[in-house]
Amino acid sequence: MSYNFKEIENKWREKWFSSDIYSAKDFDKRKKKYVLVEFPYPSGSGLHVGHAFSFTGGDVYARYQRMRGYNVLFPMGYDAFGLPTENYAIKVKRKPQEVTKENTAMFKDQMQKLGFSFDWNREVNTTDPGYYKWTQWIFIKLFEKGLAYKEEWPINWCPSCKIGLANEEVIDGKCERCGTQTQRRNISQWIVKITAYADRLIEGLKETAFIDKVKAAQINWIDRKEWIDITYPIDGVKETVTIATTRPDTNYGATFIVLAPEHELVEKLITGKINTSQDIKPIKEYVVKAKNKSELERQKEVTGRDKTGVFTGLYAVNHLTDMKMPIWITDFVLGTVGTGAVVGVPGHDIRDFEFAQQFKIPIIRVVVGKDGDTGEITKKEQVQEDEGTMINSGFLDGMDIRSATKRIMDYMEEKGWGKKTVRYHLRDWIFSRQHYWGEPIPMVHCEKCGWIPVPEDQLPIVLPEVEHYEPTDTGESPLAKIEEWVNTKCPNCGGDAKRETDTMPNWAGSDWYYVRYLDNKNDKAIADMDKMKYWLPVDIYIGGDEHNTLHLLYSRFIYQFLYDLGEVPTPEPYYQRISHGVILGSNNQRMSKSKGNVITPDEVADKVGVDAIRAYLMFIGPFEGTMAWNDNALMGVKRFTERLYKFFAENTATAGNKSSQEVNEILHRTTKYVTEGFEQFQYNTIVAKYMELLNFFEKTDPKNISKESYEIFIKLIAPIMPYLAEELWSIIGYEKTVHLEAWPEYNEQYLVSSVVEIPVQINGRLKGKITVVVDADEGQIKEVILKDENLGKLLESEQIRKIIYIKGKIANIIV
RNA sequence: GCCGAGAUGGCGGAAUAGGCAGACGCGAAGGACUUAAAAUCCUUUUCUCGAAAGGGAGUGGGGGUUCGAUUCCCCCUCUCGGCACCA
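Here is what the cut-offs are and how they apply
In this numbering scheme, every chain counts its residues from 1 along its sequence in written order. In the order they appear in the text, chains get letters beginning with A and ligands get numbers beginning with 1. Residue-level local features of this predicted model are given only where pLDDT is at least 70; pairs of side-chain atoms are given and counted only at 80 or more, and the full residue set underlies all totals for whole chains, interfaces and linings. Where side-chain values are given, they derive from all heavy atoms of the structure, hydrogens and water being excluded. UniProt positions are given in the numbering used here, feature names are shortened, and annotations may be inferred rather than shown by experiment. The way it works is that DSSP assigns letters per residue, a run of H or I at least four long becomes a helix, a run of E at least two long becomes a strand, and they are numbered from the N terminus. Between two residues, a contact is recorded if the distance between any of their heavy atoms is within 4.5 Å. It suffices for a single heavy atom of a residue to lie within 4 Å of a molecule or strand for the residue to be listed as near it. Nitrogen and oxygen atoms within 3.5 Å of one another constitute a polar contact, given that in protein one can donate a hydrogen and the other can accept it, and given that sequence-neighbouring residues count only through two side-chain atoms. Asp, Glu, Lys and Arg are counted as charged, while Ala, Val, Leu, Ile, Met, Phe, Trp, Tyr, Cys and Pro are counted as nonpolar; the rest, among them Gly, fall into the polar class. Each residue gets one of three labels from its accessible area relative to the maximum for its type: buried under 20%, exposed over 50%, partly exposed in between, using a 1.4 Å probe on protein chains only. When DSSP locates at least two bridges between a pair of strands, those strands are taken to pair.

A. Up close: the UniProt feature "binding site: ATP" (unreviewed entry) in chain A. The UniProt entry lists Lys593 under the feature "binding site: ATP" (unreviewed entry), expressed in the numbering used here. Note on placement: lysine 593 falls in the loop between strand S26 (582-584) and helix H18 (601-608). Those residues in contact with lysine 593 that lie beyond four places of it in its chain are Ser45 and Val598.

Here you go:
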């Protein structure tokens, strides 16, 4: 009887998906469980082993909960807009629509092969107009509530790829793909005001059961801080400069001001609106050069390298000291942080110190650190940054820097010199992409009326199918060339108007997809409210660490916004979030084509069977961990599936009438372990328990194993090895699927044995073991120990001073 | 630099309300089957001294609490992941 996994898989896959056994029932009386895994981007290279890993993790959980009697929703879809498809389509001269269709079909086929119990009736695809109608609708709501606005914003531009790049895509000032020097360009873009929800996004975490690491990632990313914006008069001209700082406590030591090249004062200097004694030419040159660098490049290695900068000839006056502080321009100050101007306190900030040293600006000590040094600061090591006591600071002297910070903030506000404000590291969200393959932003620009949203009844604005969608030189979206699409009428006044030609970022479609699964064909709303009330929030969301900041934050924001509109029923979308680990190549490096270490789940499944690869993926290490692919270990798991099949095929027909106490004990112990393990995603040890159980069964006389015991074993493996379980279930004579059977209950009565083995230590060192009745007391224990051949001999010549006995656990004898 | 996670055999990893360290798998060694090999099965496998009985050491390093510490506390080193010179 050989284990023909191919045949088994084909047989059951067909049955499962034609009989719909995994579909979730709206409004069912059973308790609901919404299990969500991040939907994939359907790339042309097919399902990655990383997908197989995380989806198996989710599938196992969904299958387990289904057997526990929950009405489980475990849906799947595609996040299919995006650059890789667009680029590929351009390269092979095909339509992204077609390429996407092929890729999603391939993904679905691969996912079904791997036995994932997705409810395919609920499939969504972000590129489907019926879907993105509602992505567009959400954007319009954002606009109506003043949370979307259009503004010029600098982007990194690659003149060769003709594309705007994210900061992360610019390496050393060069385009990541082609190596061309990037430029900075200001492009008018749609911005979504996520910062308006910054506090809510922190607060809302209390409603969730995210693991701490995820909560921390969210809070750190938002990074809320109290600032004060201080406005200084500029000597000799009718201008002021406003700097932003979180450390006004050191303001007695402020000796200079630095402006970002983008700062409005710089603009005024260059255009001659402000007179200065300094030569304008070098200022202009510096500014032009700086503006072409990416933010990343400007901030890279700010400390420890020579500073660049140019003096404006202007001086700001320090309110506290009346010192005339020279105003410089430098590129490490960013226009997009704070007010784009910083006050320099060289005694207490390494960057400021290096700048002051280089340009011979005075350095004043205003904080004393632990070392007690009150002298002049001449070396980098003396710069006291985060702690200490104030000196040379008037009324702040003697205060701890933290209380000094509070005190001076209040003082400056009273005096009218500064204004307290809360700022976040989180920035507003640039929502425009100058690309074809994305959701069109449903806005119309009219000369008379300005930006007007497309009326709801005209949604969706369908992405027109065109011949050419290459990006353009101008930085405009390719859609801009399609005149018959661009030219339209203003919904407001009926006059000539033009459509927005930018498309939305990838995140837009993935922000709310889990809502659409609940009602994927609804034409009247994002989803039916009653269905949402039944299913939301998502009970558990399984995803990668890389999405613990941006995707999670964006989607929580959009959901909170929808909640405020009364469109969704709960304040938070996800109750629990856990992050799955990463599978590296066998050389312990990330899988990539160039390293030649890519594992394709399909191929592996062909070789060893789906159940083996699933069990292997779960067994390889902790679900959250990072682990390397190992072919040998895979073969070990394959052997296990073969042994399991063989054991059942050969023995179940002659099952005993009753299981022995021993069999019952290990079986129920395993059931308890596996049950608790599934709740906590301890998949690797669950597989180990399966192996232990089989090892034990193989050594047991088959007469002592009943049919009921075999059934329990099959149910236990069903979530991880669904095909094998189904086959074994039919081998023992059942026709219905095992996957809707009730999860086995363990019986406590089998778990308590009457006797127990107690390890015995002498002076904390293990010396032997004794077997006693479970509730033996200390006296009985002592008796048994002294009678024990070895232990008795060891204790003969010793004086027992104390016996520590932990019931059922251990005995320690102190001599 | 900050935040988070972690360090256990030859390897992946088990075990923490403090109680037999190394489950399970891989690898390795020996054996059975075979003309032989593969596959399969059996045995051994933390290191070390010892022929054995048995002893000693041992969870990154150092200290502490405890009858007892991989687990708790303090200090240090290193590794991985995320953010990154945010004023």
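That covers the picture; the talk isn't over yet.
B. The arrangement of the protein's contact with RNA strand B in detail. Contacts to RNA strand B come from 46 residues, most closely from Thr245, Gln299, Glu301, Lys769 and Asn812. The sugar-phosphate share of atoms of RNA strand B within 4 Å of the protein amounts to 62%. In this structure, threonine 245 approaches RNA strand B through a side-chain N or O atom, which is 2.5 Å from a sugar or linking oxygen. Between RNA strand B and asparagine 812, the relevant distance is 2.5 Å, taken from a base oxygen to a side-chain nitrogen or oxygen of the residue. Per-element tally for the surface near RNA strand B: the top contributor is helix H22 (residues 683-699), with 6 residues. Looking at the surface near RNA strand B, its residues break down into 20 nonpolar, 13 polar and 13 charged.

C. Layout of the pairing of strand S14 (residues 324-329). The buried count for S14 comes to 5 of 6 residues, which makes it a mostly enclosed element. Bridge analysis of strand S12 (residues 256-259) against S14 gives 3 bridges, and the strand direction is parallel. Bridge pairing links leucine 259 to isoleucine 329 in S14. Hairpin connection, strand S13 (residues 310-317) to S14: the antiparallel pair is bridged by 6 residues, and aspartate 322 has positive phi, about 60°.

D. Fine view of the UniProt feature "domain: Leucyl-tRNA synthetase editing" (unreviewed entry) in chain A. What UniProt calls "domain: Leucyl-tRNA synthetase editing" (unreviewed entry) maps, in this numbering, to residues 220-413. This span, residues 220-413, is 25% helix and 22% strand, and a straight line between its end C-alpha atoms measures 28 Å.

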